[in-house]
Amino acid sequence: MNVLWIMVDQLRWDYLSCYGAVHIDTPNLDWLAAQGMRFNKAYVQSPICGPSRMSYYTGRYVRSHGSTLNGTPLRVGEPTLGEHLRDVGVKYSLVGKTHMAADLAGMKRLGIDPDSRIGTLVRECGFEVVLRDDGENPTAHPGRRGEDYEAYLRSHGMEGDNLWEEWANTGITPDGELVSGWVLENAAYPARVPKEHSETAWLTTRGIDYIKAQGDQPWLCHLSYIKPHWPYMAPAPYNDMYGADDLPPVNRSPSEKSTDHPLLRDWLKMRVCRHFSRDEIRDKVAPVYMGLIKELDDQLGRLFDFLRESGRMDDTMIVFCSDHGDNMGDHWMGEKDLFYDCSARVPLLVYDPRPAADATRGTASDALVEAIDLAPTFVEFFGGAAKPHILEGRSLCPILHGETPDWRGFCVSEYDYATRPPRRANDIDQADARMVMIFDGRWKYVHVEKMRPLLYDLEADPNELNELGADPQYSDQIARMQAMHFDWSRRHHTRLTRDCDAIEKATDRGAPPGVLIGYATKDEVERDGRIFPAHVTR
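Attention here is on the structure that accompanies the text. Keep in mind it's a predicted model, so treat the numbers as computed, not measured.

## A closer look at the sheet that holds strand E13 (residues 443-448)
- Strands sit in the order E11-E12-E13-E14 across an open sheet of 4 strands; the sheet is antiparallel. Looking along the sheet, the strands with just one partner apiece sit at the ends: strand E11 (411-416) and strand E14 (454-457). Direction aside, the axes of adjacent strands within the sheet are offset by 15° on average.
- Bridge count between E11 and strand E12 (residues 434-439): 6 bridges; the pairing is antiparallel. From the neighbouring strand, Cys 411 faces E12, where its bridge partner is Phe 439.
- Contacts from helix H18 (residues 475-489) reach E11, E12, E13 and E14 within the one sheet, and its direction differs from that of E13 by about 65°.

## Notes on the packing of helix H1 (residues 27-35) against helix H13 (residues 279-310)
- Remark: H1 packs on H13, axes separated minimally by 7 Å, with the N-to-C direction vectors making an angle of 50°. Here H1 lies oblique to H13, going by the angle between them. Seen from H1, the contacting residues are Pro 27, Asn 28, Leu 29, Trp 31 and Leu 32; seen from H13, they are Lys 294, Asp 297, Asp 298, Leu 300, Gly 301, Phe 304 and Arg 308.
- Here the residues of the contact of H1 with H13 are counted per class, giving 6 nonpolar, 2 polar and 4 charged.

## A look at the pattern of salt bridges
- Taken as a whole and judged by the stated rule, the model has 41 salt bridges.
- In this structure, the salt-bridge partner of Lys 97 is Asp 9, at a minimum N-O distance of 2.6 Å. Of this pair, Lys 97 sits in the loop between strand E3 (91-96) and helix H5 (104-110) while Asp 9 sits in the loop between strand E1 (2-8) and H1, and the two are 88 residues apart along the sequence.
- Among the residues examined, Lys 97 registers a relative accessible area of 2% and is labelled buried.
- Note that Arg 154 and Glu 150 form a salt bridge whose closest N and O atoms lie 3.2 Å from each other. You can see Arg 154 and its partner Glu 150 sitting in helix H7 (residues 147-155), 4 residues apart, about one turn around the helix.
- Among the residues examined, Arg 154 registers a relative accessible area of 31% and is labelled partly exposed.
- What you see here is one network of salt bridges that share partners, running through Asp 115, Arg 123, Glu 124, Arg 132 and Asp 134.

What counts, and where the lines are drawn
- For every chain, the first residue of the written sequence is number 1, and numbering continues from 1 along that sequence.
- It should be noted that, the model being predicted, local features are given only for residues of pLDDT at least 70 and side-chain atom pairs only at 80 or more, the latter also being counted only at that level, while totals for whole chains, interfaces and linings use all residues.
- Calculated side-chain values reflect all of the structure's heavy atoms, with hydrogen atoms and water omitted.
- When DSSP finds at least two bridges between two strands, those strands are taken to pair.
- Secondary structure elements follow DSSP: runs of H or I no shorter than four residues count as helices, runs of E no shorter than two count as strands, and numbering proceeds from the N terminus.
- Think of each axis as a best-fit line through the C-alpha atoms, taken over the contacting stretch in the case of a helix, with angles from 0 to 180 degrees between the N-to-C directions.
- Residues are treated as being in contact if the distance between any of their heavy atoms lies within 4.5 Å.
- Note on terminology: angles under 35 degrees are roughly parallel, angles over 145 are roughly antiparallel, angles of 65 to 115 are roughly perpendicular, and the others are oblique.
- For this scheme, ten residues count as nonpolar: Ala, Val, Leu, Ile, Met, Phe, Trp, Tyr, Cys and Pro. Four count as charged, namely Asp, Glu, Lys and Arg, and the remainder, Gly too, count as polar.
- Should a side-chain nitrogen of Lys or Arg be within 4 Å of a carboxyl oxygen of Asp or Glu, the pair is scored as a salt bridge.
- Using a 1.4 Å probe on the protein chains alone, a residue whose accessible area is under 20% of its type maximum counts as buried, one over 50% counts as exposed, and one in between counts as partly exposed.

Now the structure itself:
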């Protein structure tokens, strides 16, 4: 058995037709949903790339693995899914993006050569890297990312000093002028790179090539796409496949702009929010975002055709998800950030080839699912032992097989906003720049350190337009959600080195041999079955 774990960057759950979107058609992902199970309430552990992905790759909450900000290294020694799968003989490979930052200082402190076998696995989050491409400007990260894609473009006749910038992120106007994809007003122009050589097409081909090359060893391939993450620039014909008339209505309310919450108020002042609040910007960018999603769906159709024709559908679990969503003008916001459903809620489709999953094919689950649930799902799928002292998620296998396990009552997502301008605007120390979302399926509570909490009732207000945290009418709900947050915070998050069986055995054994604590007499020692030192009489 094998796993193909497909992740895309910055994809909203509600921009797929299998989730009810009517403004866009994604037939290939609809087909995958029909073969497996669609999870309707899946939430990431952080609404930004790096922390979210580190939770996916470790099966642990952000507060547990400590990589709370983009670019913050995952510390040396933090267990990853790669270690757990290699323990059971599974090859754990990367084709695409991870957003991983290596803990080079930690490796130096411990004397680990970053280029050694162990060092390579540590700095690449446990993956055996087939190729890594984070879709970032090589100017910002020289010599670290994009070499494979640049070499590919050169092999197809494209030249320049920075091919990612000059081809994938450069558009062409009708009169032949070259314009930057970083500028939102340029979004509708076609990318200079042809569609057959786009990042999405290239990664699909590399994923197919990887699967073709595998032998008998079980494998997990993390096929991790860069798009539809910004820069919002698509190759023809996807750049103008949709227009402003195809967009869903923007989800925002005037009352959100007049909020009394200082953090929300200052968030809306950031440049990306100011511009995505403008209809003329959203009307240019969102259709291209849709085009990038359509391109992705078309390429996944090519991938799924290969899996069917090669027989791999019979022995491969397929998981499709994203690392977070995109506000795309909703709530007067751009980018990701915060915990609105357009950002923190993600699509999750799981196809399990085993007969035990036949009864649930084409169905949907409303269970509260977290991104960290995938790691224990994969471990169980490959026959590994459960590791609840390390993996904080829960295996989805029982749900996939039609069972109704005892499940969690709330989801958790975290956000460290220390590098965002609203932190300084509100004179918040970086140590206090944190938020935690607790969502119980109806009520969404956000703890904001040093400020009042946020509260939304998604049953009465599914669009999250009415923030209730300052209304005394909801004080009981806030107290209830605060208790959930406190319950979660009190759990063990760092007891990694002794598994549950070891703890039970230590409890049964009591004090180690030769350690006699609290005994008053020799008889008491002997009645308890303990060994008394032979050289003494009492």
